[in-house]
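As a plain string of letters, each chain reads:
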Amino acid sequence: MISLGNDDQLDGGDARAAELAQRLGVVRRRIEAATSAADRTDQPRLIVVTKFHPAEDVRRLAALGVTDVGENRDQEAASKSAGLAGVDIRWHFIGQLQSNKAKSVVKYAASVQSIDRLQVVDALGKAIAREQDATGRSDLDCFIQVSLDNDAGAHRGGAAPADVEVLAEKIESAAGLQLSGLMAVAPLGADPEAAFEKLAGISEALRAVHPSAAAISAGMSQDLEAAVKFGATHLRIGSDILGSRPAVG
Ligand SMILES: *Cc1c(COP(=O)(O)O)cnc(C)c1O
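The paragraphs below set out a description of the structure included in this document. (Residues numbered from 1 in each chain as written. Predicted model: local features only at pLDDT ≥ 70, side-chain atom pairs only at ≥ 80, totals over all residues. Heavy atoms only, no water.)

**Comments concerning the environment of Val121**
For Val121, the location among the structural elements is in helix α5 (residues 118-135). Once the C-alpha coordinates of Val121 and Ala102 are considered, the two residues, 19 residues apart in sequence, prove to be 9.2 Å apart. Residues in contact with Val121, not counting those within four places in the same chain, are Ile115, Leu167, Lys170, Ile171 and Leu177. (Helix = DSSP H or I, 4+ residues; strand = E, 2+ residues; numbered from the N terminus. Contact = heavy atoms within 4.5 Å.)

Right under this line is the structure:
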């Protein structure tokens, strides 16, 4: 048996906690190796994507030192975060967002990483203003999701690179919204290094106008090394930590 080295953090007899600890350790070592291979001194932030997995897993991850989780459906995220109100963890919304969900998302999300159109910025701006009036919550960190697909029928979502600047202006002009940077998903079947190199170029152009919008959220289980190589500041890792998800229809 390998030693997990952190047995004191595990609930007695919780096999799932032990499994998560082991898988999380593997991913953390991959991130460290990729970071040093890229000669980077800054460590990217790990967002563990917990979609389709129970709230109890989020609690276990928090006990293992995870500080950030990602969810892609409002209903699921709202109910999990409500059930874990006492757990010190930041929630990131990373899925396709309908404008009518903005009101709900600003109740629990530290960031929305999937902003891809002006209508969503409008909705989030209004929702955060109301929420800040009511609760005094902090500003919402906003990432523009950019499409790295070459064809127009971008099935992995995101704004066209040419539309990033107008979205950035709109976010910057809304009180309560902070422009963090960009998010992207590597196109299926394409070389992730080429995709993330392109993303780094789009980020550079954005930072020329908005110097503080330096975040790059890129890299999933399959391609985190490529993302780290091309400057990702946030990684969104799901299946390599939590195991496979049930297929969605
Ligand atoms: C599900 C998801 C992830 C995590 O993907 P894995 O391959 O499970 O690591 C990352 N980003 C987004 C936008 C997702 O929807």
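**Examining the pattern of salt bridges**
Applying the stated criterion across every chain, the model contains 18 salt bridges. Among the salt bridges present, the one from Arg16 reaches Glu19, with a minimum N-O distance of 3.1 Å. Of this pair, Arg16 and Glu19 both sit in helix α1 (residues 15-37), 3 residues apart, which is roughly one turn of the helix. Ionic pairing is found between Lys80 and Glu71, a salt bridge with its closest N-O pair at 2.6 Å. Like Glu71, Lys80 is buried. By sharing partners, the salt bridges in this structure join Asp14, Arg16, Glu19, Arg23, Asp57 and Arg60 into a single network. (Salt bridge = Lys/Arg side-chain N within 4 Å of Asp/Glu carboxyl O. Buried < 20%, exposed > 50% of the residue type's maximum accessible area, 1.4 Å probe, protein only.)

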